[in-house]
Structures are given as C-alpha cells and as structure tokens.
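# Working through the structure, step by step
Listed below, chain by chain, are the residues.
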Amino acid sequence: MENRPTARGGEAHFSPLQPSQRFPLGTRSIAQRLDFSDSTLTPQRSQRRASPHSNVVQRAAATTAGDRFVPDRASSLTWEARLNLKEMKLDANLDVSGESSGLYSQILRNELLSGSSPSSNSVVMPAGSRTPPSTPVYSFKGCATPRKSPHRKGRVEAVFSHTRSPLSKASQDLLLSPRKACRTIPDAPYKVLDAPELQDDFYLNLLDWSKTNLLSVALGPSIYLWNGGTGQVSKLLELSSHRPGHCVTSVCFSEDGDSLAVGTSTGAIEIWDVNKIKLTRRLKKHDLRVASMAWNKDTLASGSRDHNIFVHDLRMSDGNTPRSFIKHTQEVCGLKWSPDQNYLASGGNDNNCHIWSIHSNKPSYTYSSHVAAVKALAWSPYQHGVIATGGGTADQTIRFWNAYTGAELSCMKTGSQVCNILFSSTGSELVSSHGYSQNYIRVWTFPRMQELARLSGHTFRVLYMALSPDGQSVVTGAGDETLRFWKIFEPRKSIPTAPSVVNSFSPIR
C-alpha cells in the first residue's frame, strides 16, 4: 500500500494512511454503487437522501472527474489500436491465404456480427466509421452467483474479472484451437541414382514409371528397370548388340504395366513384356526417330521426327495400316491421351498443340499461342477437358486450355524452359520441371498457380520426369546423368462411399 512521507528530525518517516484517506473525495466502493436483482449484474444508482447542499454537490461532480468513466466512441481508440496483435501472440508465419484467411474472416464475424452470418437485417456501418455501433468498448465479467459482503449487511458483492484482449471469448477460443499443420515439401531428394549416358535432348522421353512400381530409363542404347519395392536393377535390352548405331529415343509403359513400348532412332517401335523379358512385337511405320508415345488400352500412339502421328491397334496383325494424324510441320515431341481416352493432345517443335478426337482425322482445335516447342503436356484429373501445355526456351509459359471449346483459360510465366508437367493424383496440385536457365522443379497449386516449393539439385536441364504409382513421389532425370527422387505430394485419402440407391444391379424390392 502506498505511504506518504513525513519529516521528523531531518529524516523521512512513512506513516500509513488512515481509512478515510485511502480514496479520493466522492469515491465509494463498487459494492456500494451496485444493486443486484435476482442473479443479474445490472448496475443501478443507489438512492441518496436529499440535502440542502445537493445542488452544490451535483455541480461539483459535473466539473470534477469521478471514479466512473463512460467512454465516448467519437474519441475512443481506433479499431486498429485496440486490436493488440502482441497480446494475441499470433504466429509470425501466419498468412492471409487458405486456412488463415478463413480464420481471419471468422474472427471478424465474431467481433462485428456477434458470430452471426451477414444477413439483410445486419446493421450497416456508416462510411468512415471504425467502430461497430453495437460493439462495447469495455466488457466486465461477473461470477454466476453473487456472494454477500461480510462487511455490510444486505449488500451483494460481485467478483469481477477483466482481460486485456480486445477479442471476445469465442474469438480467443478460436485462436487457441489447434490448427492443421502446414505441409512442408522436402527441398532435397530422398534418393539419387547414377544414370550414365542419359541423353541431354529436349525432344526425347527416356523415363517412365509403371503401375507395378517399375522404373524404366533409357541409357544410350540400353534400357534398365529399377524395382521401387526391392531396389533391384535389371537390364531389359541393348540395341547395339544386334543393331549397331541405334539408340533408344522414347519409352512408355502400358496402362497395366506389363508391356513397355520402346521407340528407336530408326523409327522402329518394339513392344517388350517386362515380366518375361521378351520382345513380343515390332512395328516399323515411321521413317525417322520416334520421340514420343502414349498408350490407350490396346492402342499405342507414336510421334516422330517425320511429322506424323500413328495410332497402332495392337489387336490387329502387323500388316494392318495404322490410323494417322497429320498436321504438324516439325518433330512431334509430346503425346498425351485424355483421362476419358477420347482425345489425344500432341505437341511439336512447330510451336503448336493439336487436340485430336478419336472420331476424326482432323484436329478439333489448334493452340498456337506458344512461341517455342511444346513438349510438356498434361490433362487435369480434376477438371474435365482441361489441359496444360508448356513452351520451350523462347516461350517459358504454362498455359491452360479448355479442350472442348478451344478457349485459353490462363497463362503462367515461369521464367525458364518448361520441360515437363505432371498433375498430382492425390490433390489439386501440379509439378513442372524446367531447363534454361533455371534447372528447377517447381510445385504449384491448381488452378491458382501459387508456388508451393522450388526444388534444386540438378546441374543440367531437368528434361525427364515421371510420377510414382502411389502418387507421392516424382523422379527426375537430367543431362547431369543422375536420377533424383523427390517426396512432393501427400498420400491419397480414402473416402468411404455409401452404397448407391440407384445401383442398377441391386433388386428394387
């Protein structure tokens, strides 16, 4: 308790205050000025007996400061000043996107609208107003059951608590509630394999990962298989052993992962059974090297430097003439079938991307906005008919198209050569690999195209990329003769499905 000094013999002597001196004139205890009815905490002014000096006291009280302060909203602190961020102790890395944006919106709703959603009956704040008209500046909390004061009979004393936070209890509970941890993408590969003689050629496709967890990579004239489950490496074939001067220019697994299509520099295509390590078929329709291939059930589409696209039906005999798509004027370096397997996208060194329908030999749409070769192609598994295309060194953009209408949806400038694009099979994200002049692997959200991570490690262009069968890992290959494995995407979430009431195979009654 504060004491006052008094002089005694040149020394300062402190004497305690008397009870009548502890409070200023006209100040009384809180319990004397409050009266409670039932269990509510509604303050009422105590009755005073009239006195001849009552007018003088009222005039003096009007000119001197009392113990009760009723704030004036016009002169109160601004909303920004009262919202003390230090007191809330928010995370320093909190952003305003995604989950944090929803949290911020919920806090504003709690404070401005008392937790209710906006409606036509909501109070509209006037222009320039900073404080909502129905929001109290200060709030006091009382105990649920008032207790009697031991000093004065018949008086009820309430125990009050206060908080320095300007937020309501609902908003404070919302801030203290556990939040989902932000996903972190490792910036280093979890595995690195040597790949000697891996060609540094932008137009080739020398890497693929099957559904049976077999990784095929073409190293010069040879093809090697790496088992992702056991880590064992086996050699599938070597072209130079019986065809000198030939090399592998593309590889592509079938949908079931049992067959591997191998494109060569002479224009021949070989179909290999990876389980029996046996050549099952050989196709020779192209005149020049086969740089790209794509499976569609029992059919195989192939693109070549001879500008042609052939669709081979492997159920037919070798003498059958394949279906041809002829429109490109330079090498075809990219081929992708749509998820519904009704459309084929082709990209070439002529800077064009064509969309082909299985019902026509003419392209449905032609996209010519790129100013460099279009090798990177990827169909979206989330939005039907949406395809992403990437341009080469002179273009450096990723463009999104509607394959059904031919309209361009958006364009993203990446700042470097786009070599590959892969959509995640577990979430709304995609990954792209780049060459000149930044050898990065970049992870994006889709469709907002916000960059989540930028991974580095390759010293040459990241020309080859494939997705693991579980959808979590990505393997990349570059001219630095290395294969790097990255953990990028989240695992698949199993969603239980209830039996459908419209199942055509279930009995009606």
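Below is a summary of the structure that appears in this document. (Residues numbered from 1 in each chain as written. Predicted model: local features only at pLDDT ≥ 70, side-chain atom pairs only at ≥ 80, totals over all residues. Heavy atoms only, no water.)

### A few points about the overall build of the protein chain
Looking only at helices and strands, one finds six helices and 34 strands in the protein chain. Taking all 509 residues of the protein chain together, the buried fraction comes to 39%. A sequence separation of at least 24 residues applies to 47% of the contacts in the protein chain between residues at least 6 apart. For the protein chain, the computed accessible surface area is about 30,000 Å², with 52% contributed by carbon and sulfur atoms. (Helix = DSSP H or I, 4+ residues; strand = E, 2+ residues; numbered from the N terminus. Buried < 20%, exposed > 50% of the residue type's maximum accessible area, 1.4 Å probe, protein only. Contact = heavy atoms within 4.5 Å. Areas by Shrake-Rupley, 256 points an atom, 1.4 Å probe, with all protein chains shown as cover.)

### Quick look at the pattern of salt bridges
By the definition in use, this model includes 10 salt bridges. E238 is the partner of K235 in a salt bridge, and the nearest nitrogen-oxygen pair spans 2.3 Å. A relative accessible area of 41% places K235 in the partly exposed class. Residue E238 is classed as partly exposed on the basis of its relative accessible area of 29%. Sharing partners across several salt bridges, the network here consists of D201, R289, R305 and E331. (Salt bridge = Lys/Arg side-chain N within 4 Å of Asp/Glu carboxyl O.)

### Quick notes on the side chain of S254
Here S254 is to be found in the loop between β12 (248–253) and β13 (259–264). Residue S254 is classed as buried on the basis of its relative accessible area of 8%. A polar atom in the side chain of S254 sits 2.6 Å from the side chain of D256. (Polar contact = N/O pair within 3.5 Å; in protein donor to acceptor, adjacent residues only side chain to side chain.)

### Comments concerning the nonpolar core
Counting residues in each nonpolar core, the largest one holds 34 residues, and the members touching the most others are L198, L207, L215, I223, L260, V475 and L483. Sorting the residues of this core by element identifies β8 (207–209), β9 (214–219), β10 (222–227), β11 (233–238), β12, β13, β32 (462–467) and β34 (482–487) as the ones contributing at least two each. The element that contributes the greatest number of residues to this core is β9, accounting for five residues. Filtering out sequence-adjacent residues up to four positions away, V475 remains in contact with L207, W209, L215, Y464, M465, A466, L483, R484 and F485. L422, I441, L455 and M465 belong to the second-largest nonpolar core, a separate cluster that totals 14 residues. (Core = buried A, V, L, I, M, F, W, Y, C linked by side-chain atoms within 4.5 Å.)

### Considering the packing of aromatic side chains
A full pass over the atoms with the stated rule returns 12 aromatic pairs. Taking 6.0 Å as the distance between ring centres and 75° as the angle between the ring planes, the aromatic pair formed by Y382 and F423 counts as edge-to-face. Of this pair, Y382 sits in the loop between β24 (374–379) and β25 (386–391) while F423 sits in strand β28 (residues 418–423), and the two are 41 residues apart along the sequence. Owing to a relative accessible area of 31%, Y382 belongs among the partly exposed residues under this scheme. Taking the relative accessible area as the measure of exposure, F423 reaches 8% and is therefore buried. Look at F400 and F446: their rings are 5.4 Å apart centre to centre, the planes differ by 45°, and that puts the pair in the tilted class. Pair noted here: F400 is in strand β26 (residues 397–402) and F446 is in the loop between β30 (441–445) and β31 (451–455), with a separation of 46 residues, a long-range link. Each member of the pair, F400 as well as F446, is classed as buried. Through a chain of ring-to-ring contacts, three or more aromatic side chains come together here, namely Y190, W209, W226 and F485. Between the NZ or CZ atom of K375 and the centre of the ring of F202, over which it lies, the distance is 5.4 Å. (Phe/Tyr/Trp six-rings, centres within 6.5 Å; stacked < 30°, edge-to-face > 60°. Lys NZ or Arg CZ within 6 Å of the ring centre and 35° of its normal.)

### Digging into the sheet that holds β26
Consider a sheet: its strands pair through backbone hydrogen bonds, and that pairing is either parallel or antiparallel. Sheet architecture is open: four strands sit in the order β24-β25-β26-β27, paired in antiparallel fashion. Both outer strands of the open sheet, β24 and β27 (408–413), are each paired with one neighbouring strand and no more. Each strand of the sheet is rotated relative to its neighbour by a mean of 20°, with strand direction disregarded. The sheet contact formed by β24 and β25 spans five bridges and is antiparallel. Bridge pairing in β25 links L377 to T389. (Pairing = 2+ DSSP bridges. Axes fitted to C-alpha atoms, helices over the stretch in contact; angles between N-to-C directions.)

### Overview of the pairing of strand β14 (residues 268–273)
Burial of β14 is extensive: six of the six residues sit out of reach of the surface. Along β14, one buried face is formed by A268, E270 and W272 and the opposite face, lined by I269, I271 and D273, is buried too. Examined bridge by bridge, β13 and β14 share five bridges and lie antiparallel to one another. Residue A261 lies in a different strand from β14, and its bridge partner there is I271. Counting the residues that bridge the hairpin from β13 to β14 gives three residues, and of these G267 lies at a positive phi of roughly 95°. Pairing analysis gives six bridges linking β14 to strand β15 (residues 278–284), with the strands arranged antiparallel. Bridging across to β15, D273 finds its partner in K278. Joining the antiparallel neighbours β14 and β15 is a turn of four residues, in which I277 adopts a positive phi near 50°.

### As for unusual backbone geometry
Going from Y436 to S437, the amide bond is cis rather than trans, its omega being 0°. Here S437 shows up in the loop between β29 (429–434) and β30. Put simply, F446 and P447 share a cis peptide bond, and its omega is 10°. One can find P447 in the loop between β30 and β31. Of note, the phi angle at H307 is positive, near 80°, even though the residue is not glycine. Take H307: it is sitting in the loop between β17 (299–304) and β18 (308–313).

### Overview of the environment of L463
Summarising the element assignment, L463 is placed in strand β32. The spacing of L463 and G479 is 16 residues in sequence and 7.7 Å in space, taken between C-alpha atoms. Setting aside residues no more than four positions away along its own chain, L463 makes contact with Q199, D200, D201, F202, K375, C419, N420, G477 and A478.

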